[in-house]
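# Observations on the three-dimensional arrangement
What follows is the residue order along each chain.
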Amino acid sequence: MTTPAPFVTTHADGRTLIPGGNVFRPPSEADSLLLQVSVGCSHNRCSYCAMYQGKRFAIRPQAEIEALIDAFASQRPAPSRRVFLCDGDALILPQARLVATLTYLRKRLPWVQRVATYGDCRSILRKSVAELRELAALGLGMVYHGVETGDDLAMASIVKGSNRAEVIEAADRLREAGILHSVIVLLGIGGVAGSERHAHETASLLTRIDPPYVGALTVTPVPGTPLWDAQQAGTFVLPDPFRTLEELRILVDEAQLTACRFASNHASNYLPMRAELSRDRVAMLAAIDHVLAARDAGMLKPEWLRGL
Ligand code: SF4
């Protein structure tokens, strides 16, 4: 789902502002300033996720957040025009805190053109369209949302904390508020048994919510997670790389999206792609079919080059 990025910022007196460890951000936010407004994830229960293991969720004091922004403001030349709010679900912050943070960002970093964050159904649906509009007016331009699957059964089994109907409602609210919705789906998360259903249901959900950005990642069980335990116990059987490509083919073939940048170029994927889905569908399908016909593992990204 994400790429780790080391993030330590210090005051002039050398005091570390960030409590160490890695923070996570989407690959497309590689050049953004990472502003850690909260620590960990308030849900922290998704069965496949090890990102915030051992991190207790907390919202950072406003004074600390403003000190971080001040540190960015003092950098010369002026740093990135984009800011990414960390950690896992920064949108869960109370509206007043988000408004205060975005307002201060605007005041101190007037050159910033877009602020983005992770969000999920819980955090998006806590906010009304009017509140989301207020955040959009203050610069919040994109929410990255790990939807993972359109299949309610799979969503429940991975303890996503949301369902298909809630994803639709969240997508509608973001669209109404004028905030871009970048949706992440997870190839393989239905296991072998649920693979086809996961792919078809995810394609139909994407068609319904019609996001401008979709990123497909490939699930990789991580030791210490419930998904890993399920795999060890034999209750979750991980689809092989070619089966995940068949899922990708179903998504590309069936998702009818108005104008969507579709990417499967995350480090976890076996066949990196990046395209405008409607325009490039035929070429994408041909590339996938070529690999599926050959069934040659040499055409896939080797395991040692894959990452989470
Ligand atoms: S909501 Fe995101 S960060 Fe939190 S546990 Fe689930 S996948 Fe991990």
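The structure contained in this document is the topic of the report that follows. All values derive from a computational prediction rather than experimental measurement.

Analysis parameters
- Residues numbered from 1 in each chain as written.
- Predicted model: local features only at pLDDT ≥ 70, side-chain atom pairs only at ≥ 80, totals over all residues.
- Buried ≥ 20, exposed ≤ 12 C-beta atoms within 10 Å, placed from the backbone.
- Helix = DSSP H or I, 4+ residues; strand = E, 2+ residues; numbered from the N terminus.
- Right-handed = clockwise from strand over helix to strand, strands pointing away.
- Pairing = 2+ DSSP bridges.
- Axes fitted to C-alpha atoms, helices over the stretch in contact; angles between N-to-C directions.
- Parallel < 35°, antiparallel > 145°, perpendicular 65-115°, else oblique.
- Left-handed = near helix turned anticlockwise from the far one by under 90°.
- Contact = placed C-beta atoms within 7 Å.
- Nonpolar A, V, L, I, M, F, W, Y, C, P; charged D, E, K, R; others polar.
- Near = placed C-beta within 6 Å.
- Expected span 1.5 Å × (residues − 1).
- Arc of directions from axis to C-beta.

### Observations regarding the pairing of strand β7 (residues 114–119)
- The buried count for β7 comes to five of six residues, which makes it a mostly enclosed element.
- Crossover strand β6 (residues 82–86) to β7 through helix α2 (residues 95–108) is right-handed.
- When β7 meets strand β8 (residues 140–148), the two strands line up parallel, connected through five bridges. Its bridge partner being in β8, Ala116 is matched across the sheet by Met142.

### Section: the packing of helix α9 (residues 241–254) against helix α10 (residues 277–294)
- Packing of α9 against α10 brings their axes to within 9 Å, and their N-to-C directions diverge by 155°. Here α9 lies roughly antiparallel to α10, going by the angle between them. In this structure, α9 crosses over α10, and the sense of that crossing is left-handed. Counted together, Phe242, Leu245, Glu246, Leu248, Arg249, Val252 and Asp253 of α9 and Leu277, Arg281, Met284, Leu285, Ile288, Val291 and Leu292 of α10 form the full contact between these two elements.
- In the contact of α9 with α10, the residues fall into 10 nonpolar, no polar and four charged.

### Topic: the sheet that holds β7
- The strand order β3-β6-β7-β8-β9-β10-β11-β12 describes an open sheet built from eight strands, whose pairing is mixed. Edge positions in the sheet fall to β3 (33–36) and β12 (274–276), since each of these pairs with one other strand and no more. This sheet shows a mean twist of 20° between the axes of neighbouring strands, independent of strand direction.

### Overview of the site of the ligand
- The ligand sits among Cys41, His43, Asn44, Arg45, Cys46, Cys49, Met51, Tyr52, Gly88, Asp89, Asp120 and Gly146.
- Classifying every residue of the shell around the ligand gives five nonpolar, four polar and three charged.

### Concerning the environment of Gly224
- By the secondary structure assignment, Gly224 is in the loop between β10 (213–218) and α8 (226–233).
- Along the backbone, Gly224 and Cys49 are 175 residues apart, and their C-alpha atoms lie at a distance of 9.4 Å.
- When near neighbours in sequence (up to four residues on either side) are disregarded, Gly224 contacts Ala50 and Gln53.

### A word on α9
- Between its terminal C-alpha atoms α9 stretches 20 Å, which fits the 20 Å expected from 14 residues at 1.5 Å a residue.
- Residues of α9 that are buried: Pro241, Thr244, Leu245, Glu247, Leu248, Leu251 and Val252. Across the axial projection of α9, the buried residues extend over an arc of 155°, all falling on one side.
- Of the surrounding elements, those touching the buried residues of α9 are β9 (180–187), α7 (195–209), β10 and α10.

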